[in-house]
Amino acid sequence: MKEIRVVSVAEEELFAAAKYYEEQQQNLGLDFITETERAMDTIAADPTLWAIRFENFRRFLLQRFPFEIWYEDHPEFIRILAIAHQRRRPFYWNRRVDGEFPGI
């Protein structure tokens, strides 16, 4: 399995969404984090299973929550660029591709 590197703004997105879900229902935020971690483990096991969707980036859709993980597969590691809501501000994160928010 490859190492996962999450850019800092993507990590902030993860915790902001988890906080929101936790405010809606007890333990729902924890469920969101757990599902996201499982998704990252799945990506790390075989990152090429998902098609390239934008430039060099692939997208993994979460099952239970309307979020997607955008990532880039490097030879030594996988860079998670965004943990984005599927219906809000599509491709808002693409400015990160150019290194505006490298995070690592």
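The structure this text deals with has already been given above.
Note that the structure is a prediction, hence the values are computed from the model and not measured.

K.L.:
Give me the pairing of strand β3 (residues 57-61): which residues, what numbers.
P.N.:
Sheet topology places strand β2 (residues 52-54) next to β3; two bridges connect them, and they run antiparallel. From the neighbouring strand, I52 faces β3, where its bridge partner is R58. Pairing between β3 and strand β4 (residues 67-73): five bridges, direction antiparallel. Paired with L61 across the strands is E68, a residue of β4.

K.L.:
Before we move on, can you summarise the sheet that holds strand β5 (residues 77-85) with the specific residues and values?
P.N.:
Ordered in space as β1-β5-β4-β3-β2, the five strands form an open sheet in which the pairing is mixed. The open sheet is flanked by β1 (3-6) and β2, the only strands paired with a single partner. When strand polarity is set aside, the average angle formed by the axes of neighbouring strands in this sheet is 45°.

K.L.:
Describe the pattern of salt bridges, and please don't skip the residues or the numbers.
P.N.:
Going through the model one piece at a time under the given rule, you end up with five salt bridges. We note a salt bridge from E3 to R5, for which the minimum N-O separation is 3.4 Å. Since its relative accessible area comes to 43%, E3 is described here as partly exposed. Linking R79 and E72 is a salt bridge whose minimum nitrogen-to-oxygen distance equals 3.0 Å. With a relative accessible area of 10%, R79 lands in the buried category. E72 gets classed as buried once you look at its relative accessible area, which sits at 10%.

K.L.:
Explain the pairing of β4 residue by residue, including any values.
P.N.:
Where burial is concerned, most of β4 is hidden: six out of the seven residues are buried. For β4 and β5, the ladder comprises seven bridges, and the chain directions are antiparallel. Bridge pairing in β5 places I69 opposite I83.

So, how was this worked out
- Residues numbered from 1 in each chain as written.
- Predicted model: local features only at pLDDT ≥ 70, side-chain atom pairs only at ≥ 80, totals over all residues.
- Heavy atoms only, no water.
- Pairing = 2+ DSSP bridges.
- Helix = DSSP H or I, 4+ residues; strand = E, 2+ residues; numbered from the N terminus.
- Axes fitted to C-alpha atoms, helices over the stretch in contact; angles between N-to-C directions.
- Salt bridge = Lys/Arg side-chain N within 4 Å of Asp/Glu carboxyl O.
- Buried < 20%, exposed > 50% of the residue type's maximum accessible area, 1.4 Å probe, protein only.

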